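Residues per chain, in single letters:
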Amino acid sequence: ANPDLLDTLKQKGILSDDEYRQLRDQQQHDQATTPGATFSADKGLTLATADGAYTLQFGIFQQLDFAAYDADGSDLADGSQLRRSRIALGGKLGSDWQYRFQYEFAKGSASITDAYVTYAGFKPLTVKLGQAKLPFSMESLSSASTTTFMERGLPAYVISPILRAPGVQLSSTGRHWSLAGGVSGEPLGNSSSGDEGWGIAARATFAPYVANHRVVHLGAGINWRKPTQDNSGTTPSTSAVTFSGKPESGQAPSFVSTKAMLDVGSYRLSNAEFAAALGAASLQSEYLWINVQRDNGQDDLAFSSWYAQLAYTLTGEARPYSVSKGSFGAIVPNTPFGAQGWGAFEVAARMSQLDLDDGSVTGGNERDLTFGLSWYLNRYLRVSANVVKVLKVDGGSYDGQKPVAYQMRLQFSI
Amino acid sequence: ANPDLLDTLKQKGILSDDEYRQLRDQQQHDQATTPGATFSADKGLTLATADGAYTLQFGIFQQLDFAAYDADGSDLADGSQLRRSRIALGGKLGSDWQYRFQYEFAKGSASITDAYVTYAGFKPLTVKLGQAKLPFSMESLSSASTTTFMERGLPAYVISPILRAPGVQLSSTGRHWSLAGGVSGEPLGNSSSGDEGWGIAARATFAPYVANHRVVHLGAGINWRKPTQDNSGTTPSTSAVTFSGKPESGQAPSFVSTKAMLDVGSYRLSNAEFAAALGAASLQSEYLWINVQRDNGQDDLAFSSWYAQLAYTLTGEARPYSVSKGSFGAIVPNTPFGAQGWGAFEVAARMSQLDLDDGSVTGGNERDLTFGLSWYLNRYLRVSANVVKVLKVDGGSYDGQKPVAYQMRLQFSI
Amino acid sequence: ANPDLLDTLKQKGILSDDEYRQLRDQQQHDQATTPGATFSADKGLTLATADGAYTLQFGIFQQLDFAAYDADGSDLADGSQLRRSRIALGGKLGSDWQYRFQYEFAKGSASITDAYVTYAGFKPLTVKLGQAKLPFSMESLSSASTTTFMERGLPAYVISPILRAPGVQLSSTGRHWSLAGGVSGEPLGNSSSGDEGWGIAARATFAPYVANHRVVHLGAGINWRKPTQDNSGTTPSTSAVTFSGKPESGQAPSFVSTKAMLDVGSYRLSNAEFAAALGAASLQSEYLWINVQRDNGQDDLAFSSWYAQLAYTLTGEARPYSVSKGSFGAIVPNTPFGAQGWGAFEVAARMSQLDLDDGSVTGGNERDLTFGLSWYLNRYLRVSANVVKVLKVDGGSYDGQKPVAYQMRLQFSI
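Turning next to the overall build of chain A. Each helix and strand in chain A was counted, giving four helices and 22 strands. Overall size of chain A, expressed as C-alpha extent along the three principal axes, is 95 × 50 × 45 Å. Going through the 414 residues of chain A one by one, you find that 53% of them count as buried. The average position of the 35 basic charges and that of the 39 acidic charges among the side chains of chain A differ by 4 Å.

Our focus in this paragraph is the pattern of salt bridges. Residues and elements named next belong to chain A. For the structure shown, the criterion picks out 43 salt bridges over all chains. Across the pair D4 and R24 runs a salt bridge whose closest N-O atoms are separated by 3.0 Å. Here R24 lies in helix α2 (residues 17-33) and D4 lies in the segment before α1 (5-11), a separation of 20 residues in the sequence. In the salt-bridge network here, residues are joined through shared partners; they are D65, R83, E151 and R409.

One widely used convention gives an interface's size as the accessible area the parts lose upon coming together. Each partner contributes residues to the interface: chain A has 42 residues there, and chain C has 41 residues. With both chains or domains summed, chain A and chain C bury close to 3200 Å², and 76% of this area falls on carbon and sulfur atoms. Joining chain A to chain C, the criterion identifies one salt bridge. The closest approach of N and O atoms between K12(A) and E19(C), which form a salt bridge, is 2.9 Å. Our enumeration of links across chain A and chain C arrives at nine residue pairs in polar contact (both at pLDDT 80 or more). Of all the secondary structure elements, the ones that give two or more residues to the side of chain A that touches chain C are α1, β1 (37-40), β2 (45-49), β3 (55-70), β4 (79-93) and β22 (404-413) of chain A. With seven residues, the top contributor of residues to the side of chain A that touches chain C is β4(A). Its residues assigned to classes, the side of chain A that touches chain C comprises 25 nonpolar, 13 polar and four charged.

Let us now look at the relation of the copies chain B and chain A. Each copy of the sequence occupies a distinct position, and chain B is placed on chain A by a rotation of 120 degrees and an axial shift of 0.2 Å, giving an RMSD of 0.5 Å. Expressed as an axis order, the relation between the two copies is that of a three-fold axis. Judged by C-alpha distance, S109(B) is the residue of chain B that lies nearest the rotation axis, at 2.9 Å.

A separate point is the interface of chain B and chain A. On the chain A side, the residues contacting the 42 residues of chain B number 41 residues. Of the roughly 3200 Å² buried between chain B and chain A, counting both surfaces, carbon and sulfur atoms make up 75%. Looking at which element gives the most residues to the side of chain B that touches chain A, the answer is strand β4 (residues 79-93) of chain B, with seven residues. For the side of chain B that touches chain A, a count of residues per class yields 25 nonpolar, 13 polar and four charged.

Moving on to a nonpolar patch on the surface. Residues W177(A), L179(A), F206(A), L218(A) and F274(A) make up a contiguous nonpolar surface patch of roughly 440 Å² in combined accessible area. Turning to its location among the elements, F274(A) is positioned in strand β14 (residues 264-278).

Our focus in this paragraph is the side chain of E317(A). All names here are of chain A. Tracing the sequence through the fold places E317 in the loop between β16 (301-313) and β17 (321-322). Summary of buried charges: E317 has no salt-bridge partner, and the nearest side chain of opposite charge, R379, is 11 Å away. A polar side-chain atom of E317 sits 2.8 Å from the main-chain amide nitrogen of N334. In this structure, E317 is in contact with A280, I331, V332, P333, N334 and A344, ignoring residues within four places of it in sequence.

Residues and elements named next belong to chain A. The buried count for β2 comes to five of five residues, which makes it a mostly enclosed element. Here β2 shows a buried face lined by L45, L47 and T49 and a second buried face lined by T46 and A48. With four bridges connecting them, β1 and β2 associate as antiparallel partners. Residue F39 lies in a different strand from β2, and its bridge partner there is L47.

The next subject is the packing of aromatic side chains. The final tally for this structure, using the stated rule, is 51 aromatic pairs over all chains. With a centroid separation of 5.1 Å and 40 degrees between ring planes, the pair formed by F101(A) and F412(B) is classed as tilted. On the criterion of chain membership, the pair formed by F101(A) in strand β5 (residues 97-104) and F412(B) in strand β22 (residues 404-413) is interchain, its members lying in two chains. With respect to burial, F101(A) and F412(B) carry one shared label: buried. Geometrically, the ring pair formed by W97(B) and Y119(B) is tilted, given 4.5 Å between the ring centres and 45 degrees between the ring planes. Here Y119(B) lies in strand β6 (residues 111-119) and W97(B) lies in strand β5 (residues 97-104), a separation of 22 residues in the sequence.

The pairing of strand β11 (residues 214-226) of chain C with strand β14 (residues 264-278) of chain C spans 12 bridges and is antiparallel. By the bridge assignment, G219(C) is partnered in β14(C) with E273(C).

All names here are of chain B. By the element assignment, R84 lies in strand β4. Of note is the side chain of R84, whose polar atom sits 2.8 Å from the side chain of Q63. Apart from the residues within four sequence positions on either side, R84 is in contact with F61, Q62, Q63, E104, A106, A144, R152 and R409.

Before going further, it helps to examine the environment of L179(C). Residues and elements named next belong to chain C. Mapped onto the elements of the fold, L179 is located in strand β9 (residues 177-184). Here L179 falls in the partly exposed class, since its relative accessible area comes to 47%. Sequence separation of L179 and A165 is 14 residues, and the distance between their C-alpha atoms is 18 Å. Beyond its immediate chain neighbours, meaning those up to four positions away, L179 contacts L170, S171, S172, R203 and A204.

With that settled, consider the environment of R84(A). On the accessibility criterion, R84(A) (9% relative accessible area) is buried. Put simply, R84(A) and R382(A) are 298 residues apart on the chain and 14 Å apart in space, counted from C-alpha to C-alpha.

Attention shifts here to the confidence of the model for chain A. In this model, chain A carries a mean pLDDT of 92, and residues with pLDDT of at least 70 account for 94%. Across the predicted assembly, pTM comes out at 0.92 and ipTM at 0.91.

The next point concerns unusual backbone geometry. Residues and elements named next belong to chain B. Cis geometry is found at the peptide bond from K123 to P124, where omega equals 5 degrees. Its place among the elements puts P124 in the loop between β6 and β7 (126-133). Even without glycine at this site, S137 takes up a positive phi of about 80 degrees. Checked against the element boundaries, S137 lands in the loop between β7 and α3 (138-141).

Before going further, it helps to examine the environment of L56(C). Along the chain, L56(C) falls in strand β3 (residues 55-70). According to the relative accessible area criterion, L56(C) is buried, its value standing at 0%. Put simply, L56(C) and D299(C) are 243 residues apart on the chain and 51 Å apart in space, counted from C-alpha to C-alpha. Contact partners of L56(C), with chain neighbours within four places excluded, come to F39(A), L45(A), F58(A), L45(C), T46(C), L47(C), L89(C), G90(C) and Y99(C).

The rules we used
Along every chain, residues carry numbers that run from 1 in the direction the sequence is written. Chain letters start at A and ligand numbers start at 1, both assigned in the order the entries are written. Side-chain atom pairs in this predicted model are given and counted only at pLDDT of 80 or more, local residue features only at pLDDT of at least 70, and totals for whole chains, interfaces and linings cover all residues. Neither water nor hydrogens contribute to the side-chain values; these are computed over all heavy atoms in the structure. Helix numbers and strand numbers start at the N terminus; a helix is a DSSP run of H or I with at least 4 residues, a strand a run of E with at least 2. Here the term buried applies to any residue with accessible area under 20% of the maximum for its type, exposed to any over 50%, and partly exposed to those in between, with areas from a 1.4 Å probe on protein chains only. Charged-residue counts in this description rest on Lys and Arg as positive and Asp and Glu as negative, His and the chain ends being excluded. For the purpose of locating charges, the reference atoms are NZ of Lys, CZ of Arg, CG of Asp and CD of Glu. By salt bridge we mean one thing: a side-chain nitrogen of Lys or Arg within 4 Å of a carboxyl oxygen of Asp or Glu. The contact criterion used is simple: two residues touch if any of their non-hydrogen atoms lie within 4.5 Å. Buried surface area refers to the total accessible area, computed with a probe of radius 1.4 Å, that the two partners give up upon joining, counted for both partners together. N or O atoms closer than or at 3.5 Å make up a polar contact, with two conditions inside protein: a donor-capable atom paired with an acceptor-capable one, and, for residues adjacent in sequence, both atoms drawn from side chains. Put simply, Ala, Val, Leu, Ile, Met, Phe, Trp, Tyr, Cys and Pro go in the nonpolar bin, Asp, Glu, Lys and Arg in the charged bin, and everything else, Gly too, in the polar bin. When the copies are superposed, the least-squares fit takes in the C-alpha atoms of residues with a pLDDT of at least 70 in both. The patch calculation keeps residues exceeding 30% relative accessible area without a salt bridge and links them within 9 Å when they carry like charges or within 5 Å when they are nonpolar (Val, Leu, Ile, Met, Phe, Trp, Tyr). Per-residue and other accessible areas were derived by the Shrake-Rupley procedure at a 1.4 Å probe size, with only the shown protein chains allowed to occlude residues. Paired strands are those between which DSSP finds at least two bridges. Ring geometry is summarised as follows: Phe, Tyr and Trp rings, the Trp one being its six-membered ring, pair when their centres sit within 6.5 Å, and such pairs are stacked at plane angles under 30 degrees, edge-to-face over 60 and tilted between the two. Note: pLDDT gives the predictor's confidence per residue, expressed from 0 to 100.

Here it is as structure tokens:
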């Protein structure tokens, strides 16, 4: 019962019941039909119509890296790099439709990343049309602004060439599970002569236990693709596919690589995910199987990759888990940096491996150990320091090398 | 006479006349000086100051295509393509000035399309400064988001290299007519050594009959240009101009082409337009004359092109006609897709021809027949399916080929 | 004491003191928690939360140039050019943080210019993190939208390759002075093999006299850099640095140039600034010393450059001076173009020189004289006309040439 002038005047008998009712109705009508707009910085920079039905959200995502290398015999150049520089426009168009378009400017040219609309009118299904991340791999589906380390683990380098592709996706979710699947073509911007490649991807996640800052996560996915059939007659001749991996450092070259594998009829990635969080501590891991089916009498090939990581927030904040996405979100410090406090600090360690040796392909087998420290100044700014120790590289062009990468990142995301 | 507290209190004698007047004045002053803002999604995503005098409108325009070809002997590759991906900022700056800047991101790099300001203070003239579409051809002036078919007809391929160019335009309009003309340089982003080309373009339209969903449109235009005088001494030596045409499919190669015509002193495009609409049905057609004047004793050349199309909205919506623009706008479904309905459906057919054979130039003569189906889900989303049958190609590199293109588009525009 | 209903009712004894206080508190609470938003076009296009703590400012900055040359023996091509085409997002995030990200689209690809956050919580220091203009040279620090002439004077061509670079800057200011300094790497987007170059820059300004439209400005700065150590083994071998200068015309080639100077260990730019303004008249000048230290037994080198300019606003507007920035801002016409007036007109003249001859390097010595006329239609639109007369070019590839450049610009900035 907030104090109110109309109420007060009515109680005093100054306004009759009729007058009170009419004035109250008029007041409510005025408020409802105010054209107005709201703008908030709570979750991105969001502009909304007065009734909230239509929104326009501005996303700004910038990562500036510095890396120095302690390497023997490799030409690893120290320096800085704009790792990601993205602008996004997204929002709601009435109750059932959402849209999102994001552009990447860090590569010296502009390209589109996300470009989709979603429709939630066929409940309980959500339909996504356009280019979006394929439903595969917990770590790859996590926003690059929220991953614990500066770079995703070694399995992500196999997934990243087809991280996003245009197509149709269906998804649904319950209290403890999520399901998503879709059909897609080649990523936008890929140009190659020949009939375009395509694929299907699907992912299921199950969180048997989700309570206040405690979660157990299980997941599995499959990502089958038929590469573009190059019929141009030039070399590399037909259906070349390459898998490779950098030593978890954005400015380093690929230390392991299958080089172009020709005559690939199709390939299949499949994975298993396990994660758990207990308050400020979390564990996350994935195993990736890579199977390549080749034509023209060439051998089929099988590779594998995995990572496992532990993270702990010294200041106590938990990594928020989303059941519908089946992944962790961004850490938001309890007290932002400034007069009241210092923000949040997180330490983490990760082991990861990528084995690209099989049959006639000697791409190399790499294992990395990474230590990470993150300082979340507020919900917008994050400073990260990572040390990556390459434990081994067996085979390939970088056989036997064991460099160390020291890298820092300044991240702004809103 | 809405109920109002101040009125009520005055009638009751609680407020004196003086008090009432002062409080009323203060209330009005408060409302007028509220900083405020309005945001609406009715016509684009428009942010406005409280008084509406200054606005910022966000435009998002995305087209994602898929095409498959049934072709003998041609290397037409099936696949998907980001056809257009544009972001625009525009709006009003007070009563007389407007601005618009649009960027295109679909080409792998970013480039500017529209970049102009308009001034409406010299009534009845409107002045446009900067890069804008040249005033020529009904179909080329129609927004690519509103054209009936996925690609404009064959004449548009001759116009498209100079669709937009920087310069000055004047325009005026009346109840039944529009006039526009301007001088322009080479399109922004064109780089060539030599003194820059320029041109003049003008268009007149007349709509003798414009009533509720009924319109008859007549139009004529001229577009004269002097190409850039290449004085670099390299091949192609001087003033090369090329006209070509794709089979109305964004991912196909040009089936007819004059190749580079050297020694072009100037060229002139002229056209005649006829269109009519009756309720849900419309007819639209243009004829284009192409005249090339060449130096150094080379023959002058004459080519021609035309299209004629019929469209019918199964769900009854009319194509809105703008007298001041002399063109049709976007179909907005009576009932958007969702709980209430299915959106709007439109069927259409078009014949078009481009003849690039004259004198020593044997660029080929192509005729296409296109059938189109469009589904307007709401005012933002459109799905199109087009089938283009190449009826003939006489001459040129694709002589005798008659492929069929099957293509679909997902379009988001706001 | 504005009239107010609650006050009035209290004075009349209709509301008790308690009721009055409660209703007043509630009213103030309602106003403070209104979601709301404000949008204004006074200083850029600025969207703000109702309490003003969070803002999003849209910047649009466009320059369209036309140039014609009167040159003997040079291949200077007349024509138009999109000189700058920039979109910026910036604003406040609470009381201490600000951000700014600006993209440039005029080069045929997109690149980032400004990309930084500032923190003002360590008073009296301001910390700037990310890529920003280095604190060096009054004219280079002035926004390209506010410089008196279309192009900055000849010293700016030496500074422009490192105008902006990523790093950390600290700054502070008082009633009569400003101090800024920082450490930076190579500009974002520069790609070169080898360990990345870096540098330190600092600037001090002193304005002994700042009163209503009168100012005397003194400044000095230093900009020391170690170039990227190219260890790729290819030519140019190591640490190549080039200084060059265009004849103050964006579409002209460089008339003087040191070509690639090899084996540069480090180089140092230092400058002195003097400026003064009295009402509508202003004087601005800078002298630049360039010292190059070379390795491998090569001679050290010393070059120099300067400019001095006079400007006068015929319509009486003063150039606003900012003590904290140590530079002039944009002229805003007293009466904008339209029914009430014609905007502002400014005339100006500048002499500038760049001497790139020393030791074994014969880059040439150029002196230019420029006359400029600017028409500020309103706070958004500016039309400029400049005539640049090259007075002499001694040495270098353009030895003895004395072209004249006639150039115009249409500028939109908000």
